[in-house]
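Below are the chains, spelled out letter by letter.
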Amino acid sequence: MASNLPGNETPDGRPSKRRRVAIACDACRTRKSRCDGKRPSCSLCQDLGFECVYTPPPTAANVIVQKDYLHGLEDRVKRLEQSLGAVRGDLDGLVKRVAHGPERDRESAIPGRNTRESRDETSIAAPMSGLIGTEDSVDGMGAVIFADEEDSGFFGPSSNIAFLRHLSSAIVQPGYFPSPGAAEGGFVNASRPSSPLRQGGQDQRIQVNIFALPPQADTLELIERYFSNTGLLFPYIYPPVFLDTYHQMATENFSRVRRTWLGLLNMVLAMATITAIPGSASADARIKESDVFYQRGLGLCGSEILRGTTLEVVQYLLLMGQYLQGTQKSIQAWTVHGLAVKAALQLGLHSRHASKVFSTIEQEMRKRTWYGCVVLDRTLSMTFGRPAAIPDSYVKLELPTKRKFENSPGLVDDETAALSVAFFNSTIGLYKQLWNVLELLYGQNIGCDDPLPVSETVAHIFSLEQHLFSWERSLAHPLRLISSASIENLPHDQMSSNSQYLSLKFQVILTLRYLNLRVLLHRPILVKFITASRSPDRDPQDMRLLQQIGMNSLQICADSAMEIIDIVHRVVSEPGWKRSLLGAWWFSLYYTFNAALVLIGVGWVYRDTTLTSSTMTDQASKAGQYPGRAVAALSRLDDGNRLIDRCRYYLEQFSKVLDDSETNLDASNTAFPALHCTRTGLIGDDFSLSPFGMELGEFMMDGDLVTMMDRQGLLPVDPDSAFTT
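Conventions and cut-offs
- Residues numbered from 1 in each chain as written.
- Predicted model: local features only at pLDDT ≥ 70, side-chain atom pairs only at ≥ 80, totals over all residues.
- Heavy atoms only, no water.
- Helix = DSSP H or I, 4+ residues; strand = E, 2+ residues; numbered from the N terminus.
- Contact = heavy atoms within 4.5 Å.
- Areas by Shrake-Rupley, 256 points an atom, 1.4 Å probe, with all protein chains shown as cover.
- Phe/Tyr/Trp six-rings, centres within 6.5 Å; stacked < 30°, edge-to-face > 60°.
- Buried < 20%, exposed > 50% of the residue type's maximum accessible area, 1.4 Å probe, protein only.
- Lys NZ or Arg CZ within 6 Å of the ring centre and 35° of its normal.
- UniProt positions renumbered as here; feature names shortened; annotations may be inferred.
- Core = buried A, V, L, I, M, F, W, Y, C linked by side-chain atoms within 4.5 Å.
- Domains from an automatic or database assignment.
- Expected span 1.5 Å × (residues − 1).
- Disulfide = S-S within 2.5 Å.
- Axes fitted to C-alpha atoms, helices over the stretch in contact; angles between N-to-C directions.
- Parallel < 35°, antiparallel > 145°, perpendicular 65-115°, else oblique.
- Nonpolar A, V, L, I, M, F, W, Y, C, P; charged D, E, K, R; others polar.
- Polar contact = N/O pair within 3.5 Å; in protein donor to acceptor, adjacent residues only side chain to side chain.
- Salt bridge = Lys/Arg side-chain N within 4 Å of Asp/Glu carboxyl O.
- Left-handed = near helix turned anticlockwise from the far one by under 90°.
- pLDDT = per-residue confidence, 0-100.

Where an unreviewed UniProt entry is consulted, the chain appears under the name Zn(2)-C6 fungal-type domain-containing protein, with the organism given as Penicillium coprophilum.

This is the structure we're talking about:
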C-alpha cells in the first residue's frame, strides 16, 4: 500500500522529488530532523508528543498560512461587519427620534469608549429607572399618556410622621385631619404624576456619558476629600488599596476596568461632592455635580446591584444609600439599603467562619462593611419608623480593629486611622442602644402592639438611661461628649494638629447622635402628655403617675433637644474652620428639625396646666424660643439648599400655628430670608407642596402641614389646588 512506501519513492518505484518545507518547526530544527511542515502539528511532533511551534526567522519575507485558517478569519470579520451594521442602523433610528440630543459631556471620557455606546449603556444598564427619574412617556408607538402612579409607604412609631400625627390630632379638631392613619404608625397612600416635568415638551433630565471621569487631578482631589471626611466616619473602604487600584486603572488607560469598581469610584466622587463644606460652592451646584456621578454609578452597576456578588457591590450600595439620604430622593435610600443587606448576607459578611478563607485585610474590610450595613440599618429604621432589616441576633462579629496593614503610608496616617476605628466602634455601641430603644419603647416599629402603660414606659426609660450612661463612660478621652458652651470657647485659629481637629469633629458628631437618641428615648412620655391633652376621660391614676415621674423625663427630652439646636446653631454661626465640625449636612438637618418639632410639642404641653399640675410659664417660654433658633440655624447650614429651605418653611409655619404673644419666634435676632407660601407652592421658589410629599419621608408629610396651616387660615383659597379640606 502507499502508506508502506518509502517517503522518496512513487507507487511505480521511481524516486520522487523531496518537497521543500519553507519553515521547519522549532522541535525539528533543534533536533536537526526533517520536518514535513504540517500544521498545526508536524508528523514527527505528533509521534513524539512534542508541542509543535513554528517561529519564522527574522528575515522571513513570506508566512505560509493554511486556507482553513484564512476562511475562519474571513467569516469572523463578516459577522462583525453585520453586527456593526445592525448597531449603526439602530443608532440612526434613535437619533431621528430624539429632537435634541443630549449635551456633550465636557469631561474627559475614558479612552476606548465610544460616546454613542456610552449613551446606549445609560439607558440599557439601569433597570431601576425610578432611582434616576420617572420614565419618559414616549416609546416606539408614539406619545403615550400614563395614568398617575400609586405610591404607598408605612411610617411607624419612631418616625417624625407618627409623632406629628399625635401633635396634629391634639391641635386639629376631630374629623379635620385629611390623611387618616393610626398615630402609632400610619400607612400612607398617594398618587404622583407618571411623567417628569417638561419645558417646551423636552425632558429636563441630564443625560451623561457613564464612561466619563473628571481629569485625574480633580479625581484624586475628590478621592482625598472623601477619605478625609466620610471615609473616616465609615471606614469600610481601605484607602491604599482603593488608590492603588485607581492608579493601576489610569496607567492601563482604563482598558480593563471593572464596572463595579468604576461604579464605586463614581459613588465616592458623588459623596465627596455633596458633603463638601457649605460655602465652597452653592448647594445647587454641588447637588447637580454629585448627581452626575450618581447617575454614572447607577448606569454602570444597574444590573450588578441586583446580583450583589462582590464586596465592591455591597460597598457601592452602602454609599448609594448614604448618598440618597442627602437628596430629594431620600425615601429611595430604604430600597437601596435592602439590596445592600441582601447582598451582604449572600456574601456571608455576617459570618465569622465564612471570612476565614480570606486574607487579613479582606477579613477586616468585610467586617467593617457588615457593620456599615448595621449602622445604616439602624438609622433608616429610626427615621422611617420601619422594622430593621438586620436583627440584633445577626450582629455577632467582633468589633473592627486597627490592623498592622493600616500602618502603611497613604491618605490616612496611623494616628488618624486608629481614631477613626475608635469612633466607628463608638457609633456601633451607641446604635446597639438605639436597637434597644426601638425594641422596648417602639415595638421595633412593627405597628402591632398597643401603647405601653405609663409605669412600664418609665421603667424601660430608666433602664435604657443606665445603659446610655455606661456607654458614655466607656468613651475614650478623644471621643468624650462636648457641650455647646465648650464649642463657643474654642480658639478661632485653626487647630495645629490634624488629630486634635478630627478628635473635636468626632466629639461633635457623637454628641449630636447621643442627644438625638435621648430625645427618641424620652419622646414616648411627651406623646403620652399630648395624647392626654385631647382625651376627655383621662385616667386619674395614670395622670398622677405621669405628672409625678413623667415631668422629669419631659424635661430631659426638652433639654436634649435644645442642646442639639444650640450646638448646630453655634457651629454654623462660627466663621472659618469650625463650620466643618458637623458631619454630612443632612444629618445635621434631621437632628435640628426633629429637635425643633419635639420642642413645639413640649411647648404645647407646658401651656396646659391641667397636664402639668403646675404653671410652667418660664419653661414654655424658653421652649417656644427654640423653633425660631432652629430656623436661624438652618438658614446658615447651607444657603440655597432646597431640602433645608423646605424644612425651614415647615418649622416657620408650625411655629405660627402654635405662636402666642409671649413667644419670640427668632430668639437670636438673626435676619434670614423669609419663605412665603400659597397652596400651590412657595412664592419665589420652584418647588411646591404636593399631596404626595413622601420624598421627605424622614421629616413629614406635606398634607399634614397643610391641615395645620388651614386650621389657622394661613393659606389663601386656591380653587386649582390639589389640596381640599
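Once the structure has been displayed, the description carries forward.
Draft legend 1. Here's a closer look at the overall build of the chain. Across its full length, the chain carries 23 helices and 8 strands. Relative to all contacts within the chain whose residues are 6 or more apart in sequence, the contacts with residues 24 or more apart total 78%. Carbon and sulfur atoms form 52% of the exposed surface of the chain, whose accessible area is close to 34800 Å².

Draft legend 2. Spatial organisation of the packing of aromatic side chains. Per the stated rule, a full pass over the model turns up 15 aromatic pairs. Arranged with centres 5.2 Å apart and planes meeting at 25 degrees, the rings of Tyr294 and Tyr323 form a pair that is stacked. Taken together, the residues span a long stretch of sequence, with Tyr294 in helix H10 (residues 283–301) and Tyr323 in helix H11 (residues 311–324) at a distance of 29 residues. Classification of Tyr294 by relative accessible area gives buried; the value is 0%. By the ring-pair criterion, three or more aromatic residues cluster together here, those being Trp585, Trp586, Phe587, Tyr590 and Tyr591. It is Arg386 that lies over the ring of Phe155; its NZ or CZ is 4.9 Å from the centre.

Draft legend 3. A look at the UniProt feature "transmembrane region" (unreviewed entry) in the chain. On the UniProt side, "transmembrane region" (unreviewed entry) is annotated at positions that read residues 584–606 here. Helix and strand shares over residues 584–606 are 96% and 0% respectively, and the end C-alpha atoms of the span are 33 Å apart.

Draft legend 4. Here's a closer look at the nonpolar core. If you look at the biggest cluster of nonpolar residues, it comprises 165 residues, and the most contacted ones within it are Ile237, Phe242, Leu265, Tyr316 and Leu319. Taken domain by domain, the makeup of this core includes at least three residues from each of domain 2 (214–412) and domain 3 (454–662). Apart from the residues lying within four places of it in its own chain, the contact partners of Ile237 are Tyr226, Phe227, Phe242, Leu264, Val268, Gln315, Leu319 and Met365.

Draft legend 5. Fine view of helix H12 (residues 332–347). Taking 1.5 Å per residue as the helical rise, H12 with its 16 residues ought to reach 22 Å, and the 23 Å between its terminal C-alpha atoms agrees with that figure. Gln332, Ala333, Val336, His337, Ala340, Val341, Ala343, Ala344 and Leu347 are the residues of H12 that are buried. Of the surrounding elements, those touching the buried residues of H12 are H10, H11 and helix H13 (360–384). Positive backbone phi, at 75 degrees, marks Gly348, one or two positions downstream of H12.

Draft legend 6. Representation of the state of the cysteines in the model. Tallying each qualifying case throughout the model produces 0 disulfides. Cysteine Cys25 is unpaired, with the sulfur of Cys28 as its nearest cysteine sulfur at 3.4 Å. What makes Cys25 buried here is its relative accessible area of 0%.

Draft legend 7. Summary view of the packing of helix H6 (residues 216–227) against helix H9 (residues 259–274). It is the contact of H6 with H9, at a shortest axis distance of 8 Å, that shows an interaxial angle of 70 degrees. In terms of orientation, H6 lies roughly perpendicular with respect to H9. On the side of H6, the interface is formed by Thr219, Leu222, Ile223, Arg225 and Tyr226, while H9 contributes Leu265, Val268, Leu269, Met271, Ala272 and Thr273. A class-by-class count of the residues in the contact of H6 with H9 yields 8 nonpolar, 2 polar and 1 charged.

Draft legend 8. Examining the environment of Asn594 more closely. With respect to the helices and strands, the residue Asn594 is situated in helix H19 (residues 585–606). Residue Asn594 is classed as buried on the basis of its relative accessible area of 5%. Put simply, Asn594 and Phe163 are 431 residues apart on the chain and 9.8 Å apart in space, counted from C-alpha to C-alpha. Polar contacts involving the side chain of Asn594 include one to the side chain of Asn516, which spans 3.2 Å.

Draft legend 9. Just the environment of Asp618, in detail. With respect to the element layout, Asp618 can be found in helix H21 (residues 617–637). Overall, Asp618 belongs to the exposed group, its relative accessible area being 63%. Each C-alpha atom, one on Asp618 and one on Tyr606, is 9.2 Å from the other, the two residues being 12 residues apart in sequence.

Draft legend 10. Summary view of the pattern of salt bridges. Under the defined criterion, the tally for this structure stands at 17 salt bridges. The salt bridge involving Glu312 is made with Arg258; its shortest N-O contact spans 2.4 Å. Of the two residues, Glu312 sits in helix H11 while Arg258 sits in the loop between helix H8 (239–251) and H9, which places them 54 residues apart along the sequence. Arg258 gets classed as partly exposed once you look at its relative accessible area, which sits at 40%. Between Glu364 and Lys367 there is a salt bridge, with the nearest N and O atoms lying 3.7 Å from each other. With Glu364 and Lys367 both in helix H13 and 3 residues apart, this pair spans about one turn of that helix. Assessed through its relative accessible area of 0%, Glu364 is described here as buried. With relative accessibility at 11%, the residue Lys367 sits in the buried group. One network of salt bridges, with partners in common, ties together Glu488, Arg570, Glu574 and Lys578.

Draft legend 11. Seen up close, the packing of helix H18 (residues 540–573) against H21. For the pair H18 and H21, interaxial distance at closest approach is 9 Å and the crossing angle is 30 degrees. The element H18 and its partner H21 pack so that their crossing is left-handed. For the pair H18 and H21, contact is made by Gln555, Met562, Ile565, Asp566, Val568, His569, Val572 and Ser573 and by Gln619, Lys622, Tyr626, Arg629, Ala630, Ala632, Ala633, Arg636 and Leu637, respectively. Residues that form the contact of H18 with H21 fall into these classes: 9 nonpolar, 4 polar and 4 charged.

Draft legend 12. Spotlight on the confidence of the model for the chain. Taken residue by residue, the chain gives an average pLDDT of 76. The fraction at 70 or more is 70%. The low-confidence segment residues 1–8 (pLDDT under 50) makes 6 contacts with residues lying over four places distant or belonging to another chain. Confidence over residues 112–146 falls short of pLDDT 50; this stretch has 69 contacts with residues more than four positions distant or in other chains.

Draft legend 13. Main features of H11. The end-to-end C-alpha distance of H11, which contains 14 residues, comes to 20 Å, matching closely the 20 Å that a straight helix rising 1.5 Å per residue would cover. The element H11 is largely enclosed, with a buried count of 13 among its 14 residues.

Draft legend 14. Up close: unusual backbone geometry. The peptide bond linking Arg39 to Pro40 adopts the cis configuration, its omega dihedral lying at 5 degrees. Within the fold, Pro40 resides in the loop between helix H1 (26–31) and helix H2 (43–48). Of note in the backbone geometry, Asn253 takes a positive phi value of approximately 60 degrees without being a glycine. By the secondary structure assignment, Asn253 is in the loop between H8 and H9. On the accessibility criterion, Asn253 (41% relative accessible area) is partly exposed. Here the phi dihedral of Gln444 falls at roughly 55 degrees; this positive angle occurs in a residue that is not glycine. For Gln444, the location among the structural elements is in the loop between helix H14 (414–441) and helix H15 (454–473).

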